[in-house]
Amino acid sequence: MLAVATFASVRSATRAARIAEQALLVGVRPVLFPSRPNDISQRIMWGDQHWGTLAGEQAIMEVADGIVYMAISLRNVGAGIAVLRGWRVEPATAITIPTTAGQAVNLVRPDPATFRQQGRDLYVPAGDVSFWQAAIRDPDDPSRAGFVQAIEEGQRVIVDILYGDHEGGQRAISRFGVMRSADGDGTWLCSVVRHWNLDRHDPR
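The model shown is predicted, which means the values in this text are computed figures rather than measured ones.

A. Highlighting the overall build of the protein. Helix and strand counts for the protein stand at two helices and 13 strands. Evaluated residue by residue, the protein yields a buried proportion of 43% over its 204 residues. Within the protein, contacts between residues at least 6 apart in sequence are counted, and of these 65% link residues at least 24 apart.

Written out as structure tokens, the structure is:
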């Protein structure tokens, strides 16, 4: 009886420890979405002192002086600070798969090894807004030509962002679709497509 009681006690303690660990992780877990239309506009600057204004729910996709400038207004709906660590971009047509109804976005998780590292860490506070930004400066960059063509033609583009909590854990990838506004005013709008967990079980 003593052995049974000891086993039950250990199992209960282990379960309680797992619950406490999960609660702690949830408390520092970030989840990124596009910001809301009524969120504040943000004035942002790239490393070469190129400036842009980023309104809520919007993105910047522009080519100036041969450099591709990109940014997305983000809202962190999670409970912890999001630290943005890497990114990758492609025209949506490069990662779509044909269906009987037309073209659908390929939702296979991208390989983290294919991401470019952020030039600096970007932070999105819990429950607040901030932004992602990057640039393609090398004229010989293999992904530049197709991406520039997509921007100039107003095609939909895909932005994958790699991020985690402030302790370096709970890494995730969020995929955003960016498309030109139908209003014809030249603005780019953003929506979230899919989230992938890297350091824990993915429910899908």
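The structure having been displayed, the exposition proceeds.
B. Just unusual backbone geometry, in detail. For Q49, which is not glycine, the phi dihedral falls at a positive 70°. Considering the arrangement of structural elements, one finds Q49 in the loop between β2 (42-45) and β3 (51-54). Its relative accessible area of 59% is what places Q49 among the exposed residues. In this model, E57 sits at a positive phi of 70°, which is unusual for a non-glycine residue. Topologically, E57 is positioned in the loop between β3 and β4 (58-64). Among the residues examined, E57 registers a relative accessible area of 28% and is labelled partly exposed.

C. Focus on the packing of aromatic side chains. The full count for this structure, using the stated rule, is two aromatic pairs. Taking 5.2 Å as the distance between ring centres and 65° as the angle between the ring planes, the aromatic pair formed by W46 and Y69 counts as edge-to-face. Separated by 23 residues along the polypeptide, W46 in the loop between β2 and β3 and Y69 in strand β5 (residues 67-76) bring together distant segments of the chain. Its relative accessible area of 4% is what places Y69 among the buried residues.

D. Representation of the pairing of β5. Summarising burial for β5: ten of the ten residues are buried, a large majority. Side chains I67, Y69, A71, S73 and R75 project from β5 onto one buried face, and the interleaved V68, M70, I72, L74 and N76 project onto a second face that is buried too. Pairing of strand β1 (residues 32-34) with β5, which is carried by three bridges, proceeds in the antiparallel orientation. Looking across to β5, one finds that F33 is bridged to R75.

E. Examining the environment of W196 more closely. Assignment of secondary structure puts W196 in strand β13 (residues 188-197). With a relative accessible area of 6%, W196 lands in the buried category. Among all residues touching W196, those that are not within four sequence positions of it are L107, V108, R109, P110, R171, A172, I173, R175 and D202.

F. Representation of the environment of T187 within the structure. Examined against the element boundaries, T187 turns out to sit in the loop between β12 (172-180) and β13. Residues T187 and I60 lie 127 residues apart in sequence; the distance between their C-alpha atoms is 7.7 Å. Contacts of T187, omitting those with residues within four sequence positions, involve Q58, M179, R180 and S181. A distance of 2.8 Å separates a polar atom in the side chain of T187 from a polar atom in the side chain of D185.

G. Region of interest: helix α2 (residues 144-152). Of the positions making up α2, those classed as buried are R144, F147, V148, A150 and I151. Each buried residue of α2 sits inside an arc of 160° when the element is viewed along its axis, so together they form one side. Facing away from the buried side of α2 by more than 90 degrees, the exposed set consists of A145 and E152. Once α2 finishes, G154 follows within two positions and takes phi at roughly 70°, a positive value.

Calculation criteria
- Residue numbering note: each chain is counted from 1, following its sequence as written.
- Local features in a predicted model are, by the rule used here, given only for residues with pLDDT of at least 70; side-chain atom pairs are given and counted only at 80 or more, and totals for whole chains, interfaces and linings are based on all residues.
- No hydrogens and no water enter the side-chain calculation; it runs on all heavy atoms of the structure.
- Secondary structure counts use DSSP, requiring at least four H or I residues in a row for a helix and at least two E residues in a row for a strand, with both numbered from the N terminus.
- Under the scheme applied here, a residue whose accessible area is under 20% of the maximum for its type counts as buried, over 50% as exposed, and between as partly exposed, the area being computed with a 1.4 Å probe on protein chains only.
- The contact criterion used is simple: two residues touch if any of their non-hydrogen atoms lie within 4.5 Å.
- Pairing of aromatic rings covers Phe, Tyr and the six-membered ring of Trp, with a centre-to-centre limit of 6.5 Å; geometry is then stacked below 30 degrees between planes, edge-to-face above 60, and tilted otherwise.
- By this definition, two strands are paired if DSSP reports at least two bridges between them.
- A 3.5 Å cut-off defines polar contacts: any pair of N or O atoms within that distance qualifies, except that in protein one atom must be a possible hydrogen donor and the other a possible acceptor, and neighbouring residues in sequence count only when both atoms are side-chain atoms.
- Think of it as the arc spanned by the lines of direction from the helix axis to the C-beta atoms.

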